[in-house]
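Tertiary structure, described
The lines below spell out each chain.
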Amino acid sequence: MAGVGDAAASGEGGGGGADGQERDGRGEAEQPGGGGGHGPPPAPQHTETLGFYESDRRRERRRGRADLSLLRFLSAELTRGYFLEHNEAKYTERRERVYTCMRIPRELEKLMFFGIFLCLDAFLYVFTLLPLRVFLALFRLLTLPCYGLRDRRVLQPAQVCDILKGVILVVCYFMMHYVDYSMMYHLIRGQSVIKLYIIYNMLEVADRLFSSFGQDILDALYWTATEPKERKRAHIGVIPHFFMAVLYVFLHAILIMVQATTLNVAFNSHNKSLLTIMMSNNFVEIKGSVFKKFEKNNLFQMSNSDIKERFTNYVLLLIVCLRNMEQFSWNPDHFWVLFPDVCMVIASEIAVDIVKHAFITKFNDITADVYSEYRASLAFDLVSSRQKNAYTDYSDSVARRMGFIPLPLAVLLIRVVTSSIKVQGILSYACVILFYFGLITLKILNSIVLLGKSCQYVKDAKMEEKLFNPPPASMPGKPGSKSQNKCKSSQGLSTEENLSASVTSQPVHQKESVIPLLVTSNSDQFLTTPDGDEKDITQENSELKHRSSKKDLLEIDRFTICGNRID
């Protein structure tokens, strides 16, 4: 029995061993590298692998923490690299903007220099050639019986306008004698600094409003006096227009006198606080202009406004110097006392204009070459006004383009000069006559140089062909104040060419088989510069590109305040 039990036990043990071997064989077969078992790997081996990875990560973490130090951070900041060539287009554009800002002062001052001499030419015309033209017109009026009735017109339209200008100047000059400059000076000097600062700002706004409405009044007078009339009774309408023009010139002259008096008070104040506040007012203008949307047409208006403002300031400084020199018996030493303040005012005006235009062109992506186009447009006004059959006088063209009306400023300057300088004796009258001939010489030389430069600018801009196009016939009895830009294009001429013609001061019509519409006047046309969507025009002018949209900008008002139009 014992043997049998042992045998059974040994058999069971052997069987167990066989079963164990079979289980080991299945376990090996079920290993991942085995013959195709699908069970998961044994848990102990997987745990060991994860533990190994976890310990490796911990070691890496400890090593990374050990490497984090202030010295390594500074080393990384000092040695890290970056490559600008990966964004080449961006940095090239930024560099071009810098170059544009560096070119703005030179290009802007070229335009300002040319525009100031244009204003000087129109201003000298009032003192030099206008009296001679008035004399010739009056001489023709007095000698009318010698001419007979060969001509229906008693006087030519230009002569009528000259006589009206001369009469307005004389009447307003005598009216200005009733305005006491000394009383106005002491009245303004008695006010506080803050009140004077507010008054000066109000005067600047009023000056722009007067200029805007004043040129319309003068144009209405000239047209009412020269338009063809069927009945003689219709000429009575000139009288109310004449009184309105006289009232406007008188009030505008008083306004400019108050500006000059306020500036004089600022110069004579002991602490110069008012002068400093008035100059700081120019920098406030930057805030009101730089961060607004501008197009080339609006920037052209602002440039013309700045030209007019700078020239007016020069005349106001001249008036202040004359009044101060008179009070100090024309002592030359006092002039050198005023000279630093004069230079400070001029320098602040120039600096403000440069900063303002530089940032406007930067924010609106306008190139510096646009000022050459503006200069060419002003030059075209000058050249076209010298033609034989020009629509208007050049001084009126400058007034419409820049908002500069020389009549009120001329009245004030004559009033100040005659009250500051006493003419007594034959020698004094001889000096006045020589001075007058000197002004005429200066006017003629200035006109010749400006005309030569203008022809050069027009030729460089390839606008000379427009000068020789004959103007279309206008409707009788109707002023050509506004143009209709709906002419049909033919013979390869596109609508954009009609818009490009508005850069001129002379109306231009289509060349072949195009019926001219209502004539555009010299003053109601506006610069259209290349911008926006550009198209090729004709085979002849294929290199020129003009604006193809926003026709309403062609009829924009010349006297929009600083051209601050927001679209």
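Residues numbered from 1 in each chain as written. Predicted model: local features only at pLDDT ≥ 70, side-chain atom pairs only at ≥ 80, totals over all residues. Heavy atoms only, no water.

Going by an unreviewed UniProt entry, the chain carries the name Transmembrane anterior posterior transformation protein 1 homolog isoform X1 and comes from Castor canadensis.

1. Here's the deal with the packing of helix α11 (residues 273–290) against helix α13 (residues 332–363)
α13 packs onto α11 with a crossing angle of 10° between their chain directions and a minimal axis gap of 9 Å. With respect to their mutual orientation, α11 and α13 come out roughly parallel. For the pair α11 and α13, contact is made by L275, M279, N282, F283, E285, I286, S289 and V290 and by D341, M344, V345, S348, E349, V352, V355, K356, F359, I360 and F363, respectively. Partitioning the contact of α11 with α13 into residue classes produces 12 nonpolar, 3 polar and 4 charged. (Axes fitted to C-alpha atoms, helices over the stretch in contact; angles between N-to-C directions. Helix = DSSP H or I, 4+ residues; strand = E, 2+ residues; numbered from the N terminus. Parallel < 35°, antiparallel > 145°, perpendicular 65-115°, else oblique. Contact = heavy atoms within 4.5 Å. Nonpolar A, V, L, I, M, F, W, Y, C, P; charged D, E, K, R; others polar.)

2. Things to note about the packing of helix α4 (residues 88–127) against helix α5 (residues 129–142)
Where α4 meets α5, the closest approach of the two axes is 3 Å, and the angle between their N-to-C directions is 45°. Judged on the interaxial angle alone, α5 and α4 are oblique. Contacts from L124, Y125, V126 and F127 in α4 reach L129, L130, P131 and R133 in α5. Of the residues that constitute the contact of α4 with α5, the class distribution is 7 nonpolar, no polar and 1 charged.

3. Describing the side chain of E309
When you line up the elements, E309 lands in helix α12 (residues 296–327). Among buried Asp, Glu, Lys and Arg side chains, E309 stands out as unpaired, with R208 the closest opposite charge at 4.1 Å. Excluding residues that lie within four positions of it along the chain, E309 makes contacts with R208, E285 and E349. (Buried < 20%, exposed > 50% of the residue type's maximum accessible area, 1.4 Å probe, protein only. Lys, Arg positive; Asp, Glu negative; His and termini not counted. Salt bridge = Lys/Arg side-chain N within 4 Å of Asp/Glu carboxyl O.)

4. Regarding the pattern of salt bridges
A complete count under the given rule lists 15 salt bridges for this structure. Here D353 and R310 are joined by a salt bridge, their closest N and O atoms 2.7 Å apart. Of the two residues, D353 sits in helix α13 while R310 sits in helix α12, which places them 43 residues apart along the sequence. In this structure, D353 and R310 share a single accessibility class: buried. The structure contains a network of salt bridges with shared partners spanning E109, D306, R310, D353 and K356.

5. Quick word on the environment of R386
Along the polypeptide, R386 turns up in the loop between α14 (370–385) and α15 (394–402). Classification of R386 as partly exposed rests on a relative accessible area of 39%. Taking the C-alpha atoms as reference, R386 lies 8.8 Å from L451; in sequence the two are 65 residues apart.

6. Considering the environment of R323
Structurally, R323 is set in helix α12. Overall, R323 belongs to the buried group, its relative accessible area being 8%. Separated by 59 residues in sequence, R323 and N264 place their C-alpha atoms 8.3 Å apart. Residues in contact with R323, not counting those within four places in the same chain, are Y181, S182, N264, V416, S419 and S420.

7. Examining the packing of aromatic side chains
Overall, the coordinates contain 16 aromatic pairs when judged by the stated rule. Considering the side-chain rings of F359 and F363, the 5.9 Å spacing of their centres and the 45° angle between planes classify their relative orientation as tilted. With F359 and F363 both in helix α13, this residue pair falls 4 residues apart, about one helical turn. Among the aromatic residues, ring-to-ring pairing joins F123, F127, F311 and F404 into one connected group. In this structure, K90 packs its charged tip against the face of Y91, placed 5.6 Å from the ring centre. The ring of Y457 carries R375 above its face, with NZ or CZ at 4.4 Å from the centroid. (Phe/Tyr/Trp six-rings, centres within 6.5 Å; stacked < 30°, edge-to-face > 60°. Lys NZ or Arg CZ within 6 Å of the ring centre and 35° of its normal.)

8. Considerations on unusual backbone geometry
Positive phi, close to 55°, is recorded for S329, a residue that is not glycine. Structurally, S329 can be placed in the loop between α12 and α13. Of note in the backbone geometry, D365 takes a positive phi value of approximately 55° without being a glycine. Its place among the elements puts D365 in the loop between α13 and α14.

9. Focus on the side chain of K308
Locating K308 in the fold gives a position in helix α12. Polar contacts involving the side chain of K308 include one to the side chain of D207, which spans 2.8 Å. With residues near it in sequence (within four places) discarded, K308 still touches D207, S211, M402, G403 and F404. (Polar contact = N/O pair within 3.5 Å; in protein donor to acceptor, adjacent residues only side chain to side chain.)

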